[in-house]
Amino acid sequence: MSTTTEGTSGSAKQVFTIEGATVRLAGDSGDGMQLAGMQFTNTSALAGNDIATFPDYPAEIRAPRGTLAGVSGFQLHFSSDDIFTPGDKLNALVAMNPAALKTNLADLEPNGILIVNVDAFDKKGLSLAHYEKNPLETGELDGYNLIKVNMTTLTRGAVKDLGLNVRVADRCRNFFAMGLLYWLYGRSTDVTLRFIDAKFGAKPDVAEANRRTLLAGRNYGETTEALPSSYHIDPAKLTPGTYRNMTGNQALAWGFMAAAECSGKELFLGSYPITPASDILHELSKFKNFGVRTFQAEDEIAAITSVIGAAFGGAMAITTSSGPGIALKGEAMGLAMILELPLLIINVQRGGPSTGLPTKTEQSDLLQAMFGRNGECPIPIVSACSPADCFDTAIEAWRIAVRFMTPVVVLSDGYIANGAEPWRIPDIDDLPKIKITHPTGDDADTFHPYSRDEHLARPWAIPGTPGLMHRIGGLEKQDITGDVCYDPDNHQHMTDLRAKKVANIADDIPLQDVNGPEKGDLLVLGWGGTFGACTTAVERCRAEGLSVAHAHLRYLNPFPANLAELMGRYKKVLIPELNMGQLRFLIRATFLVDAAGLNKVKGKPFAVSEIADEIKRLLA
Amino acid sequence: MSIESLPILTSADFASDQDIRWCPGCGDYSILAQMKKVLPTLGIPREKTVFISGIGCSSRFPYYMNTYGMHSIHGRAPGFATGLKITNPDLSVWVITGDGDGLSIGGNHLMHAIRRNLDLNIILFNNRIYGLTKGQYSPTSPLGKITKSSPMGSIDNPLHPLSIAIGCEGAFVARSIDMNIKHLGQMLKRAAEHRGTSFVEVYQNCNVFNDGAYSWATDRESKADATIILEHGKPLIFGKDRNKGIRLNGMEPEVVELGKGVTEDDLLFHDEKSPEPSLAYLLSRMRHPEFPEPIGVFRAVDHPRYDDELNRQVEIAREKQGQGDLNKLFHSGETWSVSS
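Residues numbered from 1 in each chain as written. Chains lettered and ligands numbered in written order. Predicted model: local features only at pLDDT ≥ 70, side-chain atom pairs only at ≥ 80, totals over all residues. Heavy atoms only, no water.

1. Concerning the overall build of chain B
A count of helical and extended segments in chain B gives 11 helices and 12 strands. By principal-axis analysis of the C-alpha atoms, chain B measures approximately 95 × 50 × 45 Å. Looking at the 340 residues of chain B, the share that counts as buried comes to 55%. Pairs at least 24 apart in sequence give 64% of the contacts found in chain B among residues at least 6 apart. Surface accessibility of chain B: about 14,800 Å² in total, with carbon and sulfur atoms responsible for 53%. Looking at chain B, you have 36 positive and 40 negative side-chain charges, and the mean spots of the two groups are 3 Å apart. (Helix = DSSP H or I, 4+ residues; strand = E, 2+ residues; numbered from the N terminus. Buried < 20%, exposed > 50% of the residue type's maximum accessible area, 1.4 Å probe, protein only. Contact = heavy atoms within 4.5 Å. Areas by Shrake-Rupley, 256 points an atom, 1.4 Å probe, with all protein chains shown as cover. Lys, Arg positive; Asp, Glu negative; His and termini not counted. Charge placed at Lys NZ, Arg CZ, Asp CG, Glu CD.)

Quick look at the structure:
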């Protein structure tokens, strides 16, 4: 895997070509690790590598400086091969302080590169991290390729004649770390230099300080004897096209805008800020020139009720939230369902219950999406499986919502939302159009608000249309007329109709596909953000000769029509989930399939090895 | 369609085909009747009119109007109205709510709708009781009120809807009484004509669970002394013989008799257009029986409207940046190409 190549970077040192690497930057939450990680990501993406990222940060904006609680990390996996996860074990770790070392060291592979900012390992820093002795001196790090760098001193030195105060100067340290990593992995500094110009252009001294520090970091790599060689990673063989780097939240936002355009609608977002969904609100609020109207409501309930009002008025209306917010929206979701209006409810899941782990990922709101309302209230559910996939998921959700006149729940999660990967840019004109028809005044003689088409969808008549005045509401309505109706048989009939309408969506979505053999010993059945780990684990096991396939569900309600038949072709079914078995519960209840589960809720995605090990255990 | 060719609508055109299910004698009938009378005078087509309500007796209102309508969920009508109005600014949107719906479960939404000042008309039917759930005290029930859920008397300090509305920066705040149909019609019309959130409290009798709650304001003998009709620019005079008035004593209102050294010029003059809400607030605090309770327009000022402002931002963004182009957006910033 490692071969010596000519130094293409102009480095005088030896350059090894490797397939890829997993690198984590860890420091205090005020150290700018997320910014550094995103820059490293963009730079690697522009170098043509496939990438996958995992930002991991505390819920507190600024936990006390230097403490274990305040450690913020950003993990990047880049490769010349197709990759699906941010990587299990780290090849390199940058620890900006003792707390970051302590909380992250366990993930570093033996002999892995460990770059530490020695200056932060003073008495206070060690004490905040609960180190009794300095680990840099005890020999406990002998199993790693330890590279001690006086990052604070070197950064201050690089900016010293700019007249910045020490606090401002020290804030540049993340750029030093970046520069060093750029040298180590043969990266160009161009992207980040352009970023510095754009971001700090208004503060020339800060821009200059960051520029100098970045280059100082790179030059340090070139000159220090501690690093004898650097690495080169070839571009990945991605499908031809133009790419950009996308996070899941951004891809959802852009997907909704694309869906609006494809359906000839203007987009309305009613939302209340909540981690980790707020970035969708931030992103969409930038695009008023696209006709996007965002409304930051007074609470989660007002957010969804405004969306129902906008949907009644004919807009493409969506609300974005996370589990606790969805809990508050439950009653209004029930209303949207009985009103049979199209709208989207996006849940970027996080650790629960209650406030839970706001910044950590989890998949534990599936049953909430499925059942979290009073009465018989089926709502279709679609889920995204990766950051780039969020774009397609957004469009598909809206297609279903308008074709069937129903609210649709979109499930993402914190891992997908904040993670990034290359996204192949589509041409908006190539995206399928979403057809919507509204009845007009010409239909007045035959119009009934609760008549139905071949999909059992009712007409979407919007206020302002002459002759179609009608009233809708949360009370049970009479079939066809929509008038309030307490008749027992009618209630049964309407309940059946609404359920059938949602069940029929199964005939309108693709059959479930499988990656791997058509039949065999084991099927790994996943959904959502575990896609990468499942894919990689299954491929690895198959390479070792095991008979295992992978199916990943986008559609969770209703399930694809062939799912029962598909599961029947394998001797065993394994469902890995970042919850305590919610899809497994649904699969067992729906199909009487004795699926096995692999479950954890530790605020972290699955490691590939965790799933691979379970596959092997089940097939042993 | 020219103005001349607009069909002339009548009260009957605004009646839906649904049977009305309020209790016989309920004050809601009167409000419904006045609404149907006022709407044809506004020149707004039926299809451009939308009624949105929450839950409660009053919230059945939209079913009885031949317009667009939504009977939503408890307390949340302002949220639905907000989303509808933002995306359809040319609609005339009414919110129908009650004292429980608007001030208890929906207090938060009412507060924010009023401060945002969207062009909505919010009519709060205040009967000081929960009617639909059969007789529990509401957030406007007086202290000591004996109800099914307060057999020893309510110990909940009541809210005053207009004080709340004014405290929320309400730009149009008015009050009327179900029995005073002429005045009620005038207030609904003023509310409809005001641009921005118009908040109207209607004293409404629940003849089943709280009969006579406002008899002092509606009985022929007492009403002239127990209420005072606000008129912009006029002194606050009331009483059967119109011989009593309200005078300011420092920061406090006081009832005075005209004559005996007190002239009209000494009285408080109503100014609904005052930029400062203090006078309107002071009027909203005048309670029976210490004071005559004011009915009329407390405040009518012009404030920026959220719906206008949001849609203006959309226009400005389009002027400055041009209509958005997704292909351009997708290719903006850092991209890279992979060739085959």
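2. Structural notes on the overall build of chain A
Looking only at helices and strands, chain A features 21 helices and 23 strands. In terms of overall dimensions, chain A has C-alpha extents of about 85 × 60 × 45 Å along its principal axes. Looking at the 620 residues of chain A, the share that counts as buried comes to 62%. Contacts in chain A between residues far apart in sequence, at least 24 positions, make up 76% of those at least 6 positions apart. If you sum the accessible surface of chain A, you get close to 23,100 Å²; carbon and sulfur atoms cover 51% of it. Distance between charge centres in chain A, computed from 58 positive and 71 negative side chains, equals 5 Å.

3. Section: the domain arrangement of chain A
Residue and element names in this part refer to chain A. In terms of domains, chain A is made up of domain 1 (2–232), domain 2 (245–430), domain 3 (441–508) and domain 4 (520–619). For domain 3 versus domain 4, the distance between C-alpha centres works out to 38 Å. The largest contributions to the domain 3 side of the interface with domain 4 come from Val-502, Ile-505 and Ala-506, which together make up 86% of the buried area. In this structure, the connection of domain 3 to domain 4 is made through 0 salt bridges. (Domains from an automatic or database assignment. Buried area = accessible area lost by both parts, 1.4 Å probe. Salt bridge = Lys/Arg side-chain N within 4 Å of Asp/Glu carboxyl O.)

4. Concerning the state of the cysteines
Going through the model one piece at a time under the given rule, you end up with 0 disulfides over all chains. Cysteine Cys-26 of chain B shares no disulfide, and the gap to the nearest cysteine sulfur, in Cys-23 of chain B, comes to 6.3 Å. (Disulfide = S-S within 2.5 Å.)

5. Structural notes on the packing of helix H18 (residues 531–543) of chain A against helix H21 (residues 608–619) of chain A
Residues and elements named next belong to chain A. The N-to-C vectors of H18 and H21 enclose an angle of 50°; their axes lie 8 Å apart at closest approach. When the axis of H18 is compared with that of H21, the two are oblique. In terms of crossing hand, the pair formed by H18 and H21 is right-handed. Of H21, the residues touching H18 (which contributes Ala-533, Cys-534, Thr-536, Ala-537, Val-538, Arg-540 and Cys-541) are Val-608, Ser-609, Ile-611, Ala-612, Ile-615 and Lys-616. (Axes fitted to C-alpha atoms, helices over the stretch in contact; angles between N-to-C directions. Parallel < 35°, antiparallel > 145°, perpendicular 65-115°, else oblique. Left-handed = near helix turned anticlockwise from the far one by under 90°.)

6. Describing the interface of chain B and chain A
On the chain A side, the residues contacting the 58 residues of chain B number 70 residues. When residues of chain B are sorted by the area they lose upon contact with chain A, Tyr-68, Phe-330 and Trp-336 of chain B head the list and together hold 16% of the total. The tally of links between chain B and chain A comes to 3 salt bridges. With its nearest N and O atoms 2.8 Å apart, the salt bridge here joins Arg-116 of chain B to Glu-298 of chain A. Elements with a contribution of two residues or more to the side of chain B that touches chain A: strand E2 (68–71), helix H2 (77–87), helix H4 (107–116), helix H10 (306–321), helix H11 (326–330) and strand E12 (335–338) of chain B. Within the side of chain B that touches chain A, the residues separate by chemical class into 20 nonpolar, 29 polar and 9 charged. Looking at chain direction, strand E10 (residues 241–247) of chain A and E12 of chain B are connected through 4 bridges and run antiparallel. Looking across to E12 of chain B, one finds that Gly-241 of chain A is bridged to Val-338 of chain B. (Nonpolar A, V, L, I, M, F, W, Y, C, P; charged D, E, K, R; others polar. Pairing = 2+ DSSP bridges.)

7. Here we look at the pattern of salt bridges
Residues and elements named next belong to chain A. Per the counting criterion, the structure on display carries 45 salt bridges over all chains. For Arg-65, the salt bridge goes to Asp-31, with nearest N and O atoms at 2.9 Å. Note that Arg-65 is positioned in the loop between strand E4 (50–56) and strand E5 (71–79) and Asp-31 in the loop between strand E3 (20–28) and helix H1 (33–46), a separation of 34 residues in sequence. We note a salt bridge from Asp-31 to Arg-173, for which the minimum N-O separation is 3.7 Å. Within this pair, whereas Asp-31 is found in the loop between E3 and H1, its partner Arg-173 is found in helix H7 (residues 173–184), the two being separated by 142 residues in sequence. The same class applies to Asp-31 and to Arg-173, which are both buried. The network of salt bridges with shared partners includes Asp-161, Asp-197, Glu-208, Arg-211 and Arg-212.

8. So, empty space enclosed by the protein
Residue and element names in this part refer to chain A. A complete count under the given rule lists 2 cavities of 30 Å³ or more for this structure. Put simply, the largest cavity is a space of about 70 Å³. In terms of lining, the largest cavity is formed by Phe-54, Pro-55, Asp-56, Tyr-57, Thr-359, Lys-360, Thr-361, Gly-414, Tyr-415, Asn-418 and Gly-603. For the lining of the largest cavity, the elements supplying multiple residues, two or more each, are E4 and helix H16 (414–418). (1 Å grid on protein atoms, 1.4 Å probe; cavity = no way out; pocket = protein on both sides within 12 Å on 5 of 7 lines; lining within 4 Å. Points joined across faces, edges and corners; volume = space filled by probe spheres on them.)

9. Here we look at a negative patch on the surface
Where like charges cluster on the molecular surface, the negative patch consists of Glu-261, Asp-427, Asp-429 and Asp-430 of chain A together with Asp-325 of chain B. Looking at the element boundaries, Asp-429 of chain A is found in the loop between strand E17 (420–424) and strand E18 (471–473). (Patch = residues over 30% accessible without salt bridge, like charges linked within 9 Å, V, L, I, M, F, W, Y side chains within 5 Å.)

10. Concerning H18 of chain A
Working note: α-helix, 3.6 residues per turn, so residues spaced by three or four point in the same direction. Residues and elements named next belong to chain A. Taking 1.5 Å per residue, 13 residues should reach 18 Å; H18 reaches 18 Å between its end C-alpha atoms and fits that length. When we look at burial in H18, the residues that qualify are Gly-532, Ala-533, Cys-534, Thr-535, Thr-536, Ala-537, Val-538 and Cys-541. Packing partners of the buried residues in H18 comprise strand E19 (520–527), strand E20 (548–553), strand E22 (570–577) and H21. Directly after H18, the chain includes Gly-545, whose backbone phi takes a positive value near 95°. (Expected span 1.5 Å × (residues − 1).)

11. Concerning the sheet that holds strand E6 (residues 198–203) of chain B
Strand order across the open sheet formed by 9 strands is E18(A)-E2(B)-E1(B)-E3(B)-E4(B)-E6(B)-E5(B)-E11(B)-E7(B), with mixed pairing between neighbours. Each of the sheet's edge strands pairs with one partner strand only, and the pair in question is E18 of chain A together with strand E7 (227–229) of chain B. Averaged over all neighbouring strand pairs, the angle between strand axes comes to 20°, with direction disregarded. In the packing of helix H13 (residues 323–339) of chain A onto the sheet, contacts are made with E18 of chain A together with E2 of chain B, and the angle to E18 of chain A comes to roughly 140°. Of the strands in this sheet, strand E4 (120–126) and E6 of chain B are in contact with H4 of chain B, which crosses E4 of chain B at around 140°.

12. Focus on the nonpolar core
Membership of the largest hydrophobic core comes to 163 residues, with the highest contact counts inside it found for Trp-254, Met-257, Ile-308, Leu-344, Trp-398, Leu-525 and Leu-583 of chain A. In this structure, Ala-45, Leu-76, Ala-177 and Tyr-220 of chain A belong to the second largest nonpolar core, which totals 43 residues. (Core = buried A, V, L, I, M, F, W, Y, C linked by side-chain atoms within 4.5 Å.)

13. Describing the sheet that holds E20 of chain A
All names here are of chain A. Spatially, E20-E19-E22-E23 is the arrangement adopted by the 4 strands of the open sheet, whose pairing is parallel. Both edges of this open sheet fall to E20 and strand E23 (596–599), since each of them pairs with a single strand only. Along the sheet, successive strands turn relative to each other by an average axial angle of 25°, direction set aside. The sheet contact formed by E22 and E23 spans 4 bridges and is parallel. Bridge assignment links Leu-574 to a residue of E23, and that residue is Ala-596. Running at roughly 165° to E20, H18 makes contact with E19, E20 and E22 of the sheet.

14. Details of the environment of Asp-365 of chain A
Residues and elements named next belong to chain A. One can find Asp-365 in the loop between strand E14 (343–349) and helix H14 (366–371). The exposure class of Asp-365 is buried, given its relative accessible area of 9%. If sequence neighbours within four positions are ignored, Asp-365 has contacts with Gly-323, Asn-347, Gln-349 and Gln-582.

15. Some words on the packing of aromatic side chains
The description of an aromatic ring pair rests on the distance of the ring centres and on the angle between the ring planes. Residue and element names in this part refer to chain B. Under the definition given, this model contains 29 aromatic pairs over all chains. Here the aromatic rings of Trp-22 and Tyr-64 are separated by 5.0 Å at their centres, their planes lie at 80°, and the arrangement is edge-to-face. Highlighted residues: Trp-22 in the segment before helix H1 (28–38) and Tyr-64 in the loop between strand E1 (49–53) and E2, separated in sequence by 42 residues. Assessed through its relative accessible area of 7%, Trp-22 is described here as buried. Of the residues examined, Tyr-64 reaches a relative accessible area of 4% and is grouped as buried. (Phe/Tyr/Trp six-rings, centres within 6.5 Å; stacked < 30°, edge-to-face > 60°.)

16. A word on a positive patch on the surface
A surface patch of like charges, here positive, comprises Arg-62, Arg-167, Arg-171, Lys-199 and Lys-203 of chain A. Mapped onto the elements of the fold, Arg-171 of chain A is located in the loop between helix H6 (166–170) and H7.

17. Some points on the pairing of strand E2 (residues 14–17) of chain A
Residues and elements named next belong to chain A. Because side chains alternate across E2, one face comprises the buried residues Val-15 and Thr-17, and the other comprises Gln-14 and Phe-16, none of which is buried. Sheet topology note: the E2/strand E9 (residues 229–232) ladder contains 4 bridges and is parallel. Residue pairing across strands places Thr-17 opposite His-232, the latter belonging to E9.

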